[in-house]
Amino acid sequence: MTPQIEAFLEMMAVERDASPHTLSAYGRDLADAEAALAGAGGLMQADQEALETWFADLSRRGLSAATAARRRSSARQFYRFALAEGWRTDDPSRRLDAPKQGRPLPKLLSRDEIDRLLAAAAARDAAGGLRLVALVEMAYASGLRVSELLGLKVEAVRRDPAYLIVRGKGGKERLAPLNTAAREAIKAWLTARDAGRKPEAPDSPWLFPSSGRTGHLTPRRFAQLLDEAALVAGIDPARVSPHVLRHAFATHLLEGGADLRVVQTLLGHADIATTQIYTHVATDRLAQVVQQNHPLARDD
């Protein structure tokens, strides 16, 4: 990584409070560009033609439109920084056209499939089953992102709260509701968690502790546990993931008649356009509402 890229990442961390995940993504994107542009002198020497060639080659390498768009954004922000620092007098990225992205529809689980997934989770060995049921119930009841769920501290749920205060993307806080089923699942898991702790060992601060580097369950392990439960439940594991539980939360709320703005708030979306993608699944319900309530749709 060049000194200029390191300086850019430092600026993003200090001045824009970028998360470690965001900084890692910027670092990978700029490292890729630096390597690809080595023949043209790297990012600091490349001209507009070289940059356009690098960008056009991304799709030929099989990168998705979303990944290409992110790399374009990384390059453009880097060159704005380079201009501000006086390292360059031009911006070779200014004519890079954003790739067209079709927004994919989210994968969806039905309510029956959620019930089957929970039953399969409960069928696991005692402590492991209680933990997985708590994970699924919480993700489905509150729409938490997997990082938010696995990063919960145990003290956040000790007093049986009806909602959690979650710090999401950009450091923004929001309320995440917990229904009765989720709260009961948490209580059961806490009992098993506390019973399994060695008396001489200090208690982990995490709700879902692990012996790994992070100290808590990882998204990868959670996904593996969901795959195993999906197989037992007779559901294709490719259709199940921690994020799909978040999709199910939003979709089933809208199917039940929830306001789109409320769902946006609960999900922590900055832009309601991100939330609107879930409305496609409520088509049948909307058609039913019109059929039942519009005067011209009634059979006399």
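Structure: see above.
Remember, it's a predicted structure, so these values are computed and weren't measured experimentally. (Residues numbered from 1 in each chain as written. Predicted model: local features only at pLDDT ≥ 70, side-chain atom pairs only at ≥ 80, totals over all residues. Heavy atoms only, no water.)

Participant: Can you break down the packing of helix H10 (residues 242-255) against helix H11 (residues 260-267) residue by residue, with the values?
Facilitator: Two elements in contact, H10 and H11, have axes separated by 10 Å at closest approach and are oriented at 160°. As judged from the angle between their axes, H10 and H11 are roughly antiparallel. Both H10 and H11 take part in a crossing whose hand is right-handed. Facing Arg-246, Phe-249, Ala-250, Leu-253 and Leu-254 of H10, the residues of H11 in contact are Leu-260, Val-263, Leu-266 and Leu-267. Of the residues assigned to the contact of H10 with H11, the class counts are eight nonpolar, no polar and one charged. (Axes fitted to C-alpha atoms, helices over the stretch in contact; angles between N-to-C directions. Helix = DSSP H or I, 4+ residues; strand = E, 2+ residues; numbered from the N terminus. Parallel < 35°, antiparallel > 145°, perpendicular 65-115°, else oblique. Left-handed = near helix turned anticlockwise from the far one by under 90°. Contact = heavy atoms within 4.5 Å. Nonpolar A, V, L, I, M, F, W, Y, C, P; charged D, E, K, R; others polar.)

Participant: For the pattern of salt bridges, give the residues involved together with the corresponding values.
Facilitator: Evaluation of the coordinates by the stated rule reveals 23 salt bridges. A salt bridge links Arg-60 to Asp-57, with the shortest nitrogen-to-oxygen separation between them at 3.4 Å. Here Arg-60 and its partner Asp-57 are both found in helix H3 (residues 48-60), three residues apart, which amounts to about one turn of the helix. By relative accessible area, which is 28% here, Asp-57 ends up partly exposed. Salt bridges linked by common partners bring Glu-155, Arg-158, Arg-193, Asp-194, Arg-197 and Asp-203 together as one network. (Salt bridge = Lys/Arg side-chain N within 4 Å of Asp/Glu carboxyl O. Buried < 20%, exposed > 50% of the residue type's maximum accessible area, 1.4 Å probe, protein only.)

Participant: Requested: an account of H10, with residues and values cited.
Facilitator: Owing to its 3.6 residues per turn, the α-helix aligns residues three or four sequence positions apart on the same side. Over its 14 residues, H10 extends 20 Å from the first C-alpha to the last, a length consistent with the 20 Å expected when each residue adds 1.5 Å. Most of H10 sits out of view: 11 of its 14 residues are buried. Inspection of H10 places Pro-242, Val-244, Leu-245, Arg-246, His-247, Ala-248, Phe-249, Ala-250, Thr-251, His-252 and Leu-254 among the buried residues, and these make up the whole buried set. Remark: Gly-257 follows H10 within two positions and exhibits a positive phi of approximately 100°. (Expected span 1.5 Å × (residues − 1).)

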